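# Tertiary structure, described
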Amino acid sequence: MQPNGRAAIVLPDSCLSSEAAKKIWAFYLDPTKKSSTQCNLHTILKLPDGVFAAYANGVKACVIFLQKGTKTDSVWLYDMRKNIKKFTTKSNPLRIEHFSDFQQSFGSDPNGKNQRIETERFKPHPIEEIVARKYDISFVEMSQPKTYQMPNEIIDKMIADYKMKIIALESLKDNLTSR
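Here's a quick rundown of the structure. (Residues numbered from 1 in each chain as written. Predicted model: local features only at pLDDT ≥ 70, side-chain atom pairs only at ≥ 80, totals over all residues. Heavy atoms only, no water.)

Another point: a nonpolar patch on the surface. Together, Ile-24, Phe-27 and Tyr-28 make up an exposed nonpolar region whose accessible area comes to about 270 Å². Following the sequence through the fold, Tyr-28 ends up in helix α1 (residues 19–29). (Patch = residues over 30% accessible without salt bridge, like charges linked within 9 Å, V, L, I, M, F, W, Y side chains within 5 Å. Areas by Shrake-Rupley, 256 points an atom, 1.4 Å probe, with all protein chains shown as cover. Salt bridge = Lys/Arg side-chain N within 4 Å of Asp/Glu carboxyl O. Helix = DSSP H or I, 4+ residues; strand = E, 2+ residues; numbered from the N terminus.)

The subject of this paragraph is empty space enclosed by the protein. The full count for this structure, using the stated rule, is one cavity of 30 Å³ or more. Roughly 30 Å³ of volume is contained in the largest cavity. Taken together, Leu-47, Pro-48, Asp-49, Gly-50, Val-51, Phe-52, Val-59, Lys-60, Ala-61 and Arg-81 make up the lining of the largest cavity. Taken together, the residues of the lining of the largest cavity sort by class into six nonpolar, one polar and three charged. (1 Å grid on protein atoms, 1.4 Å probe; cavity = no way out; pocket = protein on both sides within 12 Å on 5 of 7 lines; lining within 4 Å. Points joined across faces, edges and corners; volume = space filled by probe spheres on them. Nonpolar A, V, L, I, M, F, W, Y, C, P; charged D, E, K, R; others polar.)

Counting through the fold element by element, Asn-92 comes out in the loop between β4 (74–79) and α2 (100–106). C-alpha separation for the pair Asn-92 and Asn-40, spaced 52 residues apart in sequence, amounts to 34 Å. Sequence-distant contacts of Asn-92, defined by excluding residues within four places in its chain, comprise Lys-85, Lys-86 and Phe-87. (Contact = heavy atoms within 4.5 Å.)

Here we take up unusual backbone geometry. A positive phi angle, near 70 degrees, is found at Asn-4, a position not held by glycine. Tracing the chain through its elements places Asn-4 in the segment before β1 (6–12). For Lys-134, which is not glycine, the phi dihedral falls at a positive 60 degrees. Of note, Lys-134 is situated in the loop between α3 (127–132) and α4 (151–177).

The residue Arg-81 is located in the loop between β4 and α2 in this model. The class for Arg-81 is buried, based on a relative accessible area of 18%. A polar contact is formed between the side chain of Arg-81 and the side chain of Asp-13, at a distance of 2.7 Å. (Buried < 20%, exposed > 50% of the residue type's maximum accessible area, 1.4 Å probe, protein only. Polar contact = N/O pair within 3.5 Å; in protein donor to acceptor, adjacent residues only side chain to side chain.)

The structure is reproduced here in structure tokens:
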């Protein structure tokens, strides 16, 4: 891409968070690098489910918008998957009018430099957050580490549950025999 050149690229969501992708994003988005090697990844549009079902069923896709030669201050994520009916190739095809809210949110500047307003679907993520996430730009909520119970705790709970069931069954048996 030429300096100040722009691109909009359709990618599978896995390209936002795989280990190989994180290395690429780190190269182009690193805030400590010179701007000539950087790209301003200013917007990600998460496309609705089912858009590419005829070609790759189940593959979620997005469009990334970049401009070469300027640094990324924040990445705006527009989630077109929120509160929307699944698109299909026949019964509910994706049409241009489905993008009207995105177009309004994106603004008229093709470089993504319009004043933007945060909404439920359109949120900014500062570069500091992206660096902290180790360049995972999927923006899927990071889950808390799972805590596991000790095997003895699990067994004790199972024994208590079975004891309650035995008591209930014995009570039921007593009621049936007393009739």
